[in-house]
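# Results of the structural survey
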Amino acid sequence: MRSSPSAEPSTILRFVLNGVALQESEARPTTTLLQWLRRRRHTGTKEGCAEGDCGACTVAILDPGSGRWRAINSCLVLLPMIDGCQVVTVEGLASRNGLHPAQRAMVQAQGSQCGYCTPGFVMSLFEACYRSDLDQPWKLDDQICGNLCRCTGYRPIRDALASVAGQRPDDRFRAASAPGTSGAGLRYEAGGQRFDAPTTLEGALALLRSPTVRIVAGATDLGLEITQRHAHPPHLLSLDRIAELRGVAFDGDELVLGATTALSELEDATEDTLPILHRMLRYFGSRQIKHRGTLGGNLCNASPIGDLAPVLLALDADAVLQGPQGPRTVPLSSFFVGYRTTALEPGELLAQIRLRPPPDSARLGAYKVSRRRELDISAVSAAVQIRLDDQGQVTLARLALGGVGATPLRATAAEAALLGRPWSEESVQQAAHALDQQLTPLSDPRGSSWFRHTLARNLLLGFYEETRLQPFTPLSGRHTGTLILSPGDPR
Amino acid sequence: MSAVGPALHHDAPHESAVGHVTGRARYVDDLPEPPGLLHAVLVTAPMARGRALVVDAVGAGGAEGVVAVLTAADIPGDPYIGPIVHDEPLLALDQIGYHGQPVAVVLAEGRELARRAAEQVVVRAEPLEPVLGIEQGIAAGRFHTAPHTITRGDVEAALAGAHLLITGEVQTPAQDHFYLETQCALAIPGEGGSLEIWSSTQHPTEVQRATAGALRLPQAAVSCRVPRMGGGFGGKESQATQPAVLAALGARHTGRPVKLWLDRSEDMRITGKRHPFLGRYRAGFDADGRLLGLEVQLYSDGGWTADLSGPVMDRALFHLDNAYHVPALRFSGRVVQTDLPSNTAFRGFGGPQGIYVVEDALERAASRLGLPPEAVRRRNYYGDAPRDQTPYGQRVPGPPIAAMHDRLVRTAGLSRRRGAIAAANAVSRHTKRGLGLVPVKFGISFTASLLNQAGALVLVYADGTVQLNHGGTEMGQGLHTKVRAVCADVLGVPVDTIRVMDTSTDKIPNTSATAASSGSDLNGAAVAEAARRIRERMVPIAASLLGLDEGTSPTFRGGEVYGEGRSISFAEVANACWVQQIPLSATGFYRTPGIAYDPQQGRGTPFFYFAWGIALVEVEVLGLTGEHRIQRVDILHDVGNSLIPNIDVGQIEGAFVQGVGWLTGEEVIHGDDGRCLTHGPSTYKVPSVGDVPLQMRIELLDQPAEADTIGRSKAVGEPPFVLGIAVISALRDAIGAFGEAEAEAEVELALPATPEAILRAVEAQRAR
Ligand SMILES: Cc1cc2nc3c(=O)[nH]c(=O)nc-3n(C[C@H](O)[C@H](O)[C@H](O)COP(=O)(O)OP(=O)(O)OC[C@H]3O[C@@H](n4cnc5c(N)ncnc54)[C@H](O)[C@@H]3O)c2cc1C
Ligand code: FES
Ligand code: FES
């Protein structure tokens, strides 16, 4: 419900906190919501890490697009990013009638011991109250995997979650709707820093001409530079309000993924249209991270361990870039040009990803192995696409990997080794051998070179096993690992 | 939520549950900031070991908002702290002891200003080659302690005569506490040079004592208060002291309130961890897997200062037997000094590290003898005399463990599941399941016997409401909930008429740390005594109000006082006491009876009693990636007559999952320069919801404690942590199934058992 693009950008931040309309014009734009809250004595919300990994700082915002409550990490959200939003913290849940169902459930289930993680969990449960799609046990895990608890061992918290998920209590939160922002966009300056949130692509491109400007999308990556490395970028440009950069839609037979589409939105949108991407998103970050993090941010940081790149590479996706000279399209395989560098020229931004969804007959796999199953960065991630002709010969082979080189990459030697061969264990073994030759992974705390080598080949072998065992790969139950080779647990 | 039913031995919500879920429960960093507050940020050492330290703070001192930059030279009193050995400089003197060691404190008008100024402080020193591991430390001859040795019988003869001799080496890993609330202290200067310190500490008296020492103040000038902690797990037993004293130093120096809060990265880089241990052992068995002799040499990595490493080693030695009778033995342990943060107390306090060694020996014996590991364990349990003597000569009265084993095996369906798993494994190429069963016997009491004391102060007001003070601190373990229930039980009042006060040294002096699982044993008993004293004074007043005959006592229950069919409210009695000038406050004190230990002889009765538990774990391993999932855990645990059963179940679940984290996903990694590389949850992975067993079945043994404990309950904080070892046993079982000939396949699995470690072990099995 943001108002028309023509209005003057606002220079003041306005948002509603626990039902109270507030304005802010002094906090620096790189102030995080968590810092702002705690400084103003809203100390119910805790800081456990300031890097998005513990969830103690979780608050909820009402997403203007969907009109749904979203749990987010307040430690990574910059204050200007909540301009025009409704924010609810743990202090805002209880009413005169008593505790909110999410709070009551935690008390009844003995979900708190030391209580320090509790406000964050309560807010994740709060979101769950108003979700109607938490219909499977693994989704319950997913809902709270962004919250760490060191005391309880989670069982009681999970019980509390199960008791409230999808209850949709008939209360003021259900009835809430997003307030309109004061103006079209935002042009906020304080403490010598600036934050722009234009509403049009032209507006963004015009601002991008300045050499000091830095694009920010969900800030789940950039926020770390601020909270962990104490950087204070002088000028940030948010793409958040540019409608045309967001969303998932078909253009003819091409699927168009807007760069600023939030990962959770992408997860929902691809469940049927692109299950392979959906499968990778299941083990991506946490609920909170996926609500803020975007597709574009995941690709533009060009991290060698970005999890979506392998999937999109295996699908032969193209990247549409927008710049002063208009749009240009590059295959994603040429988008990553080196360690943390992309083909983006100064003044350009990533606007879209376009791809043709593979035919139903194509076999696909997407895998991620990390030290911990949930909310962890990959040691290796991989995506595979195989198409066969009637004789069972491979007509198209794509194997893309993260974590094994300076950029996400296609394992071209292995692909070549498969092409034109029967889809058999022998061919796959040969491809795995070719893969070994091509990769030069490094050792770091997330895994040794040996580990990454072995994983890369084993994931290919495991993909083959999946194709052998099942006509298609279902995504349900709570499985032991990234490869679905046993029934898993439906509970 | 008035609970008028019986307060003890019944489920109850956590005393602060509503505060937790509303965000109203306050932790130190949440307290309203006093006017004039300064924020302190630490300057830390940029190398692991160095000498000729020079700190140049000229630039930082003049930076915006900076009020002072303090170094060791600014400490007016004793520059050393340390809970036992006084060997830890509060701020570096002329040497650097580890990468991250606090060197100076910057005090500024805001935390961000202080942080920026801290970056400008230049720390120079002449670097020395650091010692970063146990074996390196042994080679360099650097030790914190002399060997502590416990012997019994002729171990060499026992080993020489054994049917099977196993020589093994075990390395257990470090573990970061990862309490959700990082270290924090707020020091406020008061009248006449006094100081009030709010600290997130398990040991307020230690904070008081160390502050008095460093600032050259009488202890009476310093009070330390603890509202509650956002987790401690031992990490705030000795190591909350340094931040608290540094905040106090700042407050003393500037005359202004000072807060020192460590962010996660600072906390993880500066504070010590669970001690890594190296255990070398020789174990002799007969053909049936009965342990005949065990010789163990333990080394722990103490880090740069002694901290609590000595007692941690003692407890490791006391637990090398775990639940097993060892006929002949020689156990010896020594703490190695390294150039790393000083390792410290962590739930279990060396016990888990010691137990892991004997469990390793039993597993290997089972594998080599071709016996199921649970059968070997069953055969070695403590039993009737003479199999009831611990290595240090304390008797184990009526050990329940064999019966617990049999009960768990039955209720969890062990033999049926063994069969089903073998069948499933035979047809599954890439996923295998495994089972592991591990018992625990855990000695309860501080091993330094004098620490087993506690005090309480109960105040009853004329309206019948109660303030309860005791020396224990609340860190989530439910101590306040239990102790409040004890008080309610004795006074016969509803729990919600009792307010548990912040722990404070101005109410209870000379407290021991809340540690060693002993919090409710010690403080509960002290509270019971204080409450009893008040009740005794109220009895005659109540009796006369009720018009009872002499010799008939009234009953205190549910906020009422009953006698001869009549009742009056507790409040009326309290008011009558006031009117009749009867004092309604009392202190209580408790010391654990009959414990003593002689470390020279390695003999004594260090423990008041033992707590027992046993777990059966089932895992599934994905052989291609090394990932695993815990399918199910069944635990039977002995908590005596549980004071509050649901709190005990919560402790068991939480401890188990933390134990799993220690041995699987959590890994503290230091670079070659001694820098901590895993200083945040992005790289240090504690268990998350998906690491929890898909099924958890916890049962309490429900059998009164043999010792005269409060309510015949037993301690529960630490013992179940040990049960995490069952996951390793189950993983070894599953990994072994990837090999060809199962009986031969002894599994080598490095700890922590990360996917990488498991994958290596699987590949080794497959290569056979
Ligand atoms: C706790 C946590 C868990 C995480 N887990 C995962 C994970 O499992 N897998 C994974 O791959 N990543 C993970 N990440 C990393 C990160 O969340 C993702 O990469 C996310 O997609 C980044 O998106 P963002 O919108 O937040 O990016 P931002 O932080 O806003 O931006 C990242 C970078 O991309 C640039 N950028 C953003 N959008 C555009 C655009 N349209 N055009 C040009 N440049 C642009 C920005 O300038 C910036 O340099 C995690 C991060 C955290 C904090
Ligand atoms: S503080 Fe840990 S996720 Fe925000
Ligand atoms: S209750 Fe302590 S961290 Fe969750």
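Within each chain, residue numbers correspond to sequence positions counted from 1 in written order. A letter from A marks each chain and a number from 1 marks each ligand, given out in the order of writing. Reporting of local features is limited, given that this is a predicted model, to residues whose pLDDT is at least 70; pairs of side-chain atoms are given and counted only at 80 or more, and all residues count toward the totals for whole chains, interfaces and linings. In computing side-chain properties, one takes all heavy atoms of the structure into account and sets aside hydrogens as well as water.

This part covers the packing of aromatic side chains. Only rings of Phe, Tyr and Trp enter the pairing, Trp through its six-membered ring, and a pair is recorded when the two centres are within 6.5 Å. The plane angle decides the type: under 30 degrees is stacked, over 60 is edge-to-face, the rest tilted. The full count for this structure, using the stated rule, is 22 aromatic pairs over all chains. Where phenylalanine 607 of chain B meets phenylalanine 610 of chain B, the ring centres are 5.8 Å apart and the plane angle is 65°; that geometry is what we call edge-to-face. Relative accessible area decides the class of each residue, using a 1.4 Å probe on protein chains only: under 20% of the type maximum gives buried, over 50% gives exposed, and in between gives partly exposed. When its relative accessible area of 2% is taken as the criterion, phenylalanine 610 of chain B is described as buried. Of the aromatic side chains, those joined through ring pairs into one cluster are Phe318, Tyr392, Tyr597, Phe607 and Phe610 of chain B. By definition, being over a ring means that NZ of Lys or CZ of Arg is both within 6 Å of the ring centre and within 35 degrees of the ring normal. Sitting over the face of the ring of phenylalanine 284 of chain A, lysine 368 of chain A holds its NZ or CZ atom 5.9 Å from the ring centroid. For the cation-ring pair, arginine 274 of chain B lies above tryptophan 662 of chain B, with the distance from its terminal atom to the ring centre recorded as 5.1 Å.

Each domain's extent is set by a domain assignment, obtained either automatically or from a database. Here chain B is described as being made up of domain 1 (17-24 + 453-591), domain 2 (31-129 + 178-270), domain 3 (131-171 + 276-380) and domain 4 (384-443 + 608-768). Measuring from the centre of the C-alpha atoms in domain 1 of chain B to the corresponding centre in domain 3 of chain B gives 44 Å.

A few words on the interface of chain A and chain B. By a frequent convention, interface size equals the accessible area lost on bringing the separate parts together. Whether two residues are in contact is decided by their heavy atoms, any of which lying within 4.5 Å being enough. On the chain B side, the residues contacting the 75 residues of chain A number 85 residues. Both sides together, the interface formed by chain A and chain B hides about 6,500 Å², and carbon and sulfur atoms give 55% of it. What counts as buried area is the accessible surface, traced by a 1.4 Å probe, that two parts surrender upon association, with contributions from both included. It is Tyr116, Arg150 and Arg371 of chain A that lose the most area in chain A upon contact with chain B, and together they represent 14% of the buried surface on that side. Basic side-chain nitrogens of Lys or Arg form a salt bridge, by our definition, when they fall within 4 Å of a carboxyl oxygen of Asp or Glu. Our enumeration of links across chain A and chain B arrives at 11 salt bridges. Among the salt bridges present, the one from aspartate 30 of chain B reaches lysine 46 of chain A, with a minimum N-O distance of 2.4 Å. Counting of polar contacts relies on pairs of N or O atoms within 3.5 Å, with two restrictions inside protein: one atom must be capable of donating a hydrogen and the other of accepting it, and residues adjacent in sequence are counted only when both atoms are side-chain atoms. Across the chain A-chain B interface, the total number found is 35 residue pairs in polar contact (both at pLDDT 80 or more). Only runs of H or I of at least four residues qualify as helices and only runs of E of at least two qualify as strands under DSSP, and these elements are numbered from the N terminus. Those elements that provide at least two residues to the side of chain A that touches chain B are helix 2 (101-108), helix 3 (118-129), helix 4 (137-144), helix 5 (155-164), strand 17 (363-369) and helix 16 (449-469) of chain A. Residue contributions to the side of chain A that touches chain B peak at eight residues, all from helix 16 of chain A. In the scheme used here, Gly and all other residues not listed as nonpolar or charged are polar, with Ala, Val, Leu, Ile, Met, Phe, Trp, Tyr, Cys and Pro taken as nonpolar and Asp, Glu, Lys and Arg as charged. Its residues placed into classes, the side of chain A that touches chain B shows 27 nonpolar, 24 polar and 24 charged.

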